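A structural walkthrough
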Amino acid sequence: MTLYGVGLGPGEADLVTVRGQRVLERADVVYSPGRLSRSVATEHVPESRIGDLDFPMTRDPEALREAWREAAAEVAPRARSGDVAFVTLGDPNVYSTFGHLRRTLDAFHPDVDVAVVPGVSAVTAFATALGVEVDAGAGLALREAADGKSPTGPDRMVLFKVTDAPATHDGLVDAGYDVTYGRRLFMEQGDERVTTDPADVADRDYYTLAYAERADLQKDRPTAFEDAREDTGVVGGD
Ligand SMILES: C[S@@+](CC[C@H](N)C(=O)[O-])C[C@H]1O[C@@H](n2cnc3c(N)ncnc32)[C@H](O)[C@@H]1O
């Protein structure tokens, strides 16, 4: 039997994948690490099958390790005797709490089978919500921008954990970036916001990301017609 890490997508219940929904429907217990993931999960499974795991609100690494050891000790026996799920918003392999659980299980309960159902990550959902096209030939980097950090370097970046947008904005603009912010994208809870003004997202809300692109980036976007000509080797002509 198996522990499934299930990605729920960005937060709207109908963005859970068909495979994710099937796993949730047949799991004996569905564990959720937070309020928002729980509210998405309960659109697919009854409250009676939601399992409780306690996570302390702390950054103390030892307290967190202990909490994950306890979570793994709760999940492991259930995953040996049946199928259980651990849900996360987005994808379980992208900046996710599921990684902590999997590593703790590997260390203390290595006999537990683990499988992952990928979800629609904010890494891709941002592009639709912000109207960004990541076109052929473009690079895109992921960075974290918690506590006002302004990472720089790549031409295009998706910044996660934008908890102090005005401070992050100043650093990025000084370094030559144009920035667009997205808050609560495709989420049922709270208002979705897309803005280039950091003042609109100045209050701390964990579910805020940013897309930063070098202002002087040369964009050379071929049309489909030009692509087709290159693919067929037909260059020149009319
Ligand atoms: C710990 S990471 C989890 C990412 C998630 N596993 C995924 O694949 O999307 C949380 C960060 O992702 C971003 N994020 C996740 N979902 C979002 C959403 N619906 N709207 C805006 N930002 C989101 C925010 O920057 C947030 O601080």
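This text goes with the structure placed above it.
Residues numbered from 1 in each chain as written. Predicted model: local features only at pLDDT ≥ 70, side-chain atom pairs only at ≥ 80, totals over all residues. Heavy atoms only, no water.

Topic: the side chain of Glu213
Relative to the assigned elements, Glu213 resides in strand β10 (residues 208–214). A polar atom in the side chain of Glu213 sits 2.5 Å from the side chain of Tyr211. Those residues within four positions of Glu213 in sequence are excluded, and the remaining contacts are Asp155, Arg156, Gly176, Tyr177, Asp178 and Lys219. (Helix = DSSP H or I, 4+ residues; strand = E, 2+ residues; numbered from the N terminus. Polar contact = N/O pair within 3.5 Å; in protein donor to acceptor, adjacent residues only side chain to side chain. Contact = heavy atoms within 4.5 Å.)

Brief notes about the sheet that holds strand β3 (residues 50–51)
One open sheet accounts for 5 strands, arranged β3-β2-β4-β1-β5; its pairing is parallel. Each edge of the sheet is formed by a strand with only one pairing partner; in this case those strands are β3 and β5 (113–117). Sheet topology note: the strand β2 (residues 29–31)/β3 ladder contains 2 bridges and is parallel. From the neighbouring strand, Tyr31 faces β3, where its bridge partner is Gly51. Against the sheet, helix α1 (residues 18–26) engages β1 (2–7), β2, β4 (84–88) and β5, with an angle of about 135 degrees to β1. Here helix α4 (residues 98–108) sits on the sheet and contacts β1, β4 and β5; the angle it forms with β5, its principal contact strand, is near 160 degrees. (Pairing = 2+ DSSP bridges. Axes fitted to C-alpha atoms, helices over the stretch in contact; angles between N-to-C directions.)

Here's the deal with the nonpolar core
Formed by 18 residues in total, the largest nonpolar core has its most connected members in Val6, Leu8, Leu24, Val30, Ala85 and Val87. At the level of elements, β1, α1, α2 (35–41) and β4 are the ones that each hand at least two residues to this core. Here this core gets 3 residues from one element, more than from any other, and that element is α2. In this view, Val87 contacts Val6, Leu8, Leu24, Val30, Tyr31, Ser32, Pro33, Ser37 and Ala41; residues no more than four positions away in its chain are not counted. (Core = buried A, V, L, I, M, F, W, Y, C linked by side-chain atoms within 4.5 Å. Buried < 20%, exposed > 50% of the residue type's maximum accessible area, 1.4 Å probe, protein only.)

Let's talk about the layout of surface pockets
Estimated volume of the largest pocket: approximately 1900 Å³. At the level of elements, α2, α3 (61–81), α4, α5 (122–130) and β10 are the ones that each hand at least two residues to the lining of the largest pocket. Built from parts of two domains, the lining of the largest pocket gets at least three residues from each of domain 1 (2–117) and domain 2 (122–214). (1 Å grid on protein atoms, 1.4 Å probe; cavity = no way out; pocket = protein on both sides within 12 Å on 5 of 7 lines; lining within 4 Å. Points joined across faces, edges and corners; volume = space filled by probe spheres on them. Domains from an automatic or database assignment.)

With respect to the site of the ligand
Taken together, 18 residues are adjacent to the ligand, and Val94, Ser121, Lys161, Tyr206 and Thr208 come closest. Leu185 has a polar backbone atom sitting 2.8 Å from a nitrogen atom of the ligand. Starting from 570 Å² of accessible surface for the ligand in isolation, the protein chains cover 94%. Partitioning the shell around the ligand into residue classes produces 11 nonpolar, 4 polar and 3 charged. (Near = heavy atom within 4 Å. Areas by Shrake-Rupley, 256 points an atom, 1.4 Å probe, with all protein chains shown as cover. Nonpolar A, V, L, I, M, F, W, Y, C, P; charged D, E, K, R; others polar.)

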